[in-house]
Amino acid sequence: MRNSQSLLTISIIGFGAVGQGVATIVQNVPRIKVVAIADSKGVALMPDLKDVLARKRGGQPIANSNLTALDVIRTVDHDVVVEVTPTNIHGGEPGLTHVREALKNKRCVVTSNKGPLVAAFDELTQLAHTNGVALRYEATVGGAMPIVNLIRDTLAGARVLDIRGVLNGTCNYILTRMAEEALDYDQVLSEAQDMGIAEADPTYDVAGIDTACKVIILANAFFGRNATFADVDVTGIDRITQDALQLARQRGFAVKLVGDVQELAVSPKLIPIGHPLNVSGTLNAASILTDTAGEITVAGKGAGSIETASAILSDILSLMRDRS
Amino acid sequence: MRISMDLELQDTPGQLKHVLTPISDLGGNIASIVHHHDKKTFRNTVPVSVIFDIEEQTLEELQDGLEQNGVTVVRIGKMRLRARTHILLIGHIIHTDLRDTIDEIDGTGFAEVQDLSLSMPAIDGPSSAIITIMATGDEELKKSIGILRQIAERKDLLIIEPLDERGSPGGVSNEE
């Protein structure tokens, strides 16, 4: 890439909640220029961010060209592809092709999309390495909660032995409400759907699939496991009853959906009420066990448009630092 | 097996080795020693309580060894069930015969279900239970959790185990 004084040019591929969050916060960052935004219908080239955001919110098309997302990735000259299309756990498309093409064309990739990393982690990291560009994915795990870069950079001096975490805000919200308000699972699920915390089809979250994807990414990134979805033993939260949560509570436990990275397992666990992983509401938390630094626990907002965009921006800014 | 012993030692320097040497010679592993200097007896001896893990069949030999060293053994306590965990069960617990589930654990000889709270909201709905399992040691506790997992799979029950304590896998906590 060019010298540190020049602009960093980025494309935003995918313009849902996260893509719009990225467009919103990069407006205030000097030296970042968005050269293209792609949604499912078309591409806005050299977009005026305020205008494009307003059009999107108003349900109007944003496209001002005949290009496709892949055309942008292949032919529009820019530094970083921000891949924020929705996660597809069955093969990772269209994100996988976006990421692959970006790396082949020597563009750095910053993504919040778990699909490509779950489907082809080793291939993509190798491709990035071969082409001398970076692949950053802080936003795939824990939203705004720092974990990938925390381990890679800040904890570089320690060897990571295990990572365990409460990594899905939807599940955590449901379990917290059920326990605290003595409400049934179905009731809280409907409430979460109303609030936009759970999807209309909640399976991806409540069956533990989302947590499993995060476990795979961490296992591949830090333990070299080259794991895919079939390698993870997954139990969700959809069979948990309110009574069970009350019984656990009487003995001093909360129930949380925990992803265990070394074990490649996702399952509900009893956690002592005072334990640092016992975070409430939609919060995420992760506990990192290291050889020399002991156990370190982080907590933060695991989802949300601006929160996830903040993790993406931190990856973009670290790319800017790296080239200066 | 974990043993707790109350002993009396002469109140002169160097007595403790008369306790520690026989225990370690027989392969014992000491967990705790408390010297009750403040509770000296009228015989001018000092009470000492020591807790250690040792093979049960060496106990008699140990007692002889201690007495030959001039140590008075006041009391020997065998702490049988010292590892404990809680497990949450969800599903058709009653319909699938709860008694049978408990009997399988109790039948091992090294673990037993010590406490159970049950909640049955509706006749056809799933019920929930939390049970406390005690076992003779950490390994035995892990084995009994393994048995419970098999039962749960057979009876289609969801079991929720405690998060492992770092350094003592199995959600095990030692209790006296």
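Residues numbered from 1 in each chain as written. Chains lettered and ligands numbered in written order. Predicted model: local features only at pLDDT ≥ 70, side-chain atom pairs only at ≥ 80, totals over all residues. Heavy atoms only, no water.

### Re the pairing of strand E3 (residues 45-53) of chain B
Residues and elements named next belong to chain B.
Argument step 1. The buried count for E3 comes to seven of nine residues, which makes it a mostly enclosed element.
Argument step 2. As paired elements, strand E1 (residues 2-10) and E3 share nine bridges and run antiparallel to each other. Bridged to Leu7 within E3 is Val48.
Argument step 3. Sheet topology places strand E2 (residues 29-35) next to E3; six bridges connect them, and they run antiparallel. Among the inter-strand pairings, His35 is bridged to a residue of E3, identified as Val48. (Buried < 20%, exposed > 50% of the residue type's maximum accessible area, 1.4 Å probe, protein only. Helix = DSSP H or I, 4+ residues; strand = E, 2+ residues; numbered from the N terminus. Pairing = 2+ DSSP bridges.)

### Some points on the packing of aromatic side chains
Argument step 1. Taken as a whole, this structure holds one aromatic pair over all chains when the rule is applied.
Argument step 2. Both rings, one in Phe121(A) and one in Tyr137(A), keep their centres 5.7 Å apart while their planes meet at 80°; by these two values the pair is edge-to-face. Of the two residues, Phe121(A) sits in helix H5 (residues 114-131) while Tyr137(A) sits in the loop between strand E6 (135-136) and helix H6 (148-154), which places them 16 residues apart along the sequence. Assigned by exposure class, Phe121(A) and Tyr137(A) land together as buried.
Argument step 3. Cation over ring: Lys143(B) sits above Phe110(B), and NZ or CZ is 5.4 Å from the ring centre. (Phe/Tyr/Trp six-rings, centres within 6.5 Å; stacked < 30°, edge-to-face > 60°. Lys NZ or Arg CZ within 6 Å of the ring centre and 35° of its normal.)

### Here's the deal with the domain arrangement of chain B
Argument step 1. Taken domain by domain, chain B holds domain 1 (2-79) and domain 2 (83-174).
Argument step 2. Here the C-alpha centre of domain 2 of chain B lies 37 Å away from the C-alpha centre of domain 1 of chain B. (Domains from an automatic or database assignment.)

### Thoughts on the interface of chain B and chain A
Argument step 1. With 25 residues of chain B at the interface, the matching set in chain A holds 23 residues.
Argument step 2. Here chain B meets chain A over a buried area of about 2,100 Å², counting both sides, of which 61% is carbon and sulfur.
Argument step 3. Across the chain B-chain A interface, the total number found is two salt bridges.
Argument step 4. Here Arg251(A) and Asp115(B) are joined by a salt bridge, their closest N and O atoms 3.2 Å apart.
Argument step 5. Remark: the boundary between chain B and chain A carries 10 residue pairs in polar contact (both at pLDDT 80 or more).
Argument step 6. If you list the elements that add at least two residues to the side of chain B that touches chain A, you get strand E5 (83-91), strand E6 (111-119), strand E7 (127-135) and strand E8 (158-162) of chain B.
Argument step 7. As paired strands, strand E10 (residues 265-272) of chain A and E8(B) are joined by two bridges and run parallel to one another. Paired with Lys269(A) across the bridge in E8(B) is Glu161(B). (Contact = heavy atoms within 4.5 Å. Buried area = accessible area lost by both parts, 1.4 Å probe. Salt bridge = Lys/Arg side-chain N within 4 Å of Asp/Glu carboxyl O. Polar contact = N/O pair within 3.5 Å; in protein donor to acceptor, adjacent residues only side chain to side chain.)

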